[in-house]
Amino acid sequence: MEKWVGKIALVTGASSGIGQDVALTLADAGMIVVGIARRAELVTLLSTKVTGGGKIYAKKCDVSNEGEIMETLNWIRREFGGVDVLINNAGIYRYQFITQSETSDFRDTFNVNVLATCIFIREVVKDMQAREAYGHIVVLNSLLGKRVPDVSVPVFGVYPASKFALVGMTEVLRQELNFLKLPIKVTSIHPGMVQTDMIKVFESKLAERLPKLQVTDITASIVHCLATPPEVRIDELTIMPTMQ
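Residues numbered from 1 in each chain as written. Predicted model: local features only at pLDDT ≥ 70, side-chain atom pairs only at ≥ 80, totals over all residues. Heavy atoms only, no water.

As annotated in an unreviewed UniProt entry, the chain carries the name Dehydrogenase and is attributed to Anopheles arabiensis. UniProt, in the comment section headed Sequence similarities (unreviewed entry), describes the chain in these words: "Belongs to the short-chain dehydrogenases/reductases (SDR) family." (UniProt positions renumbered as here; feature names shortened; annotations may be inferred.)

Okay, here's the thing in C-alpha cells:
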C-alpha cells in the first residue's frame, strides 16, 4: 500500500459497516480519507480512532442528491486537488416484493445504487485524467449482481436489478478507460451475505442460520486489490464465506 501513502481516498457510506472499516483501514495505511455519509457525526467519531499515518475527514452528503455530491467533490478538489481512490460503497436495500413496492422504492434504489455511482465515477475520472494521475475505482456490488437465488420467499425488490446494472456499467467503464489509455483500475467486489446493518431487514430464520462474512473480510480483499502492481489488475472478486 506504500504507493497510496498521502493519496486521497473517497469512501461513500462511511458511517457504518464495510465503508466504516475500509475508511479506517486506509487511513491507518497512510491515506487521506474523505468519508461521506448522511450520518457524518459517526464518521467524525471514526476519525478519532485512526492510529496510522493518515487522516479521516467527515463530510455530510446524501448520495441520492446530485447537488450534495457535486458540493462534496468540489470541496475535495479545492482542499486536495481530487480523488486518487474511490470506494463506492453506499447502497440501499428495500425489503419488499416488486409487485407490492412503491414507485419511490424503485426510484430511491436506482438513485443511490446506480445513478450516484455513475456520477461519482464520472467526476473522479475527470479529475484523474486532468491530473494525469493513476487511480483505482472499487465498486461494492453484491452476489445478487451475479445471480438471484431461488428461495422460498423472494423478497429482493429491485435491489438485484440495480446491482446487475452496475455489472454492465463497470464493464463499459473498464473498456472506456482502456480505450482512453488512462492508468485507472476498476474492481467490482461481489460479496455474499455480510454481517452489517443492511441484513437486519431479513426476518427469516434461514437468513439467521446462513454463514456470513465479516466487514474485515471485504476490507482485506479491497486492500489486496489496491496493493497490486501496475501491471496487474483485478477486475472482479466474488467473496463467499466457507460453509460451517
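## Examining the overall build of the chain
Counting its regular elements, the chain contains seven helices and seven strands. Walking the chain from its N terminus toward its C terminus, one meets helices and strands in the order β-α-β-α-β-α-β-α-β-α-β-α-α-β. Computed over the C-alpha atoms, the radius of gyration of the chain is 17 Å, within 12% of the 18 Å expected from 2.2 N^0.38 for a compact globule of 244 residues. Every one of the 244 residues in the chain was classed for burial, and the buried ones make up 48%. Relative to all contacts within the chain whose residues are 6 or more apart in sequence, the contacts with residues 24 or more apart total 68%. For the chain, the computed accessible surface area is about 12,100 Å², with 53% contributed by carbon and sulfur atoms. Between the averaged position of the 26 positive side-chain charges in the chain and that of its 26 negative side-chain charges there is a distance of 1 Å. (Helix = DSSP H or I, 4+ residues; strand = E, 2+ residues; numbered from the N terminus. Rg over C-alpha atoms; globule rule 2.2 N^0.38 Å. Buried < 20%, exposed > 50% of the residue type's maximum accessible area, 1.4 Å probe, protein only. Contact = heavy atoms within 4.5 Å. Areas by Shrake-Rupley, 256 points an atom, 1.4 Å probe, with all protein chains shown as cover. Lys, Arg positive; Asp, Glu negative; His and termini not counted. Charge placed at Lys NZ, Arg CZ, Asp CG, Glu CD.)

## Comments concerning the pairing of strand β4 (residues 85–88)
Here is the key point about a regular strand: its side chains alternate between the two faces of the sheet. Neither face of β4 is open: one carries V85 and I87, the other L86 and N88, and all of them are buried. Across four bridges, β4 lies against strand β5 (residues 135–140) in parallel orientation. Its bridge partner lying in β5, V85 is registered against H136. Running through helix α4 (residues 103–131), the crossover from β4 to the neighbouring parallel element β5 is right-handed. (Pairing = 2+ DSSP bridges. Right-handed = clockwise from strand over helix to strand, strands pointing away.)

## Concerning the pattern of salt bridges
With the rule as written, the count across this model stands at 12 salt bridges. Of the charged contacts in the structure, one is a salt bridge between D84 and R131, with a shortest N-O distance of 3.0 Å. Here D84 is found in the loop between α3 (66–80) and β4, whereas its partner R131 is found in helix α4, with 47 residues between them in sequence. Judged by relative accessible area, which is 4%, D84 ranks as buried. Residue class for R131 comes out partly exposed when judged on its relative accessible area of 33%. The shortest N-O distance in the salt bridge between R94 and D105 comes to 3.1 Å. A residue pair is termed long-range when its members are at least 10 positions apart, and R94 in the loop between β4 and α4 and D105 in helix α4 qualify at 11 residues. The class of D105 is buried, set by a relative accessible area of 14%. (Salt bridge = Lys/Arg side-chain N within 4 Å of Asp/Glu carboxyl O.)

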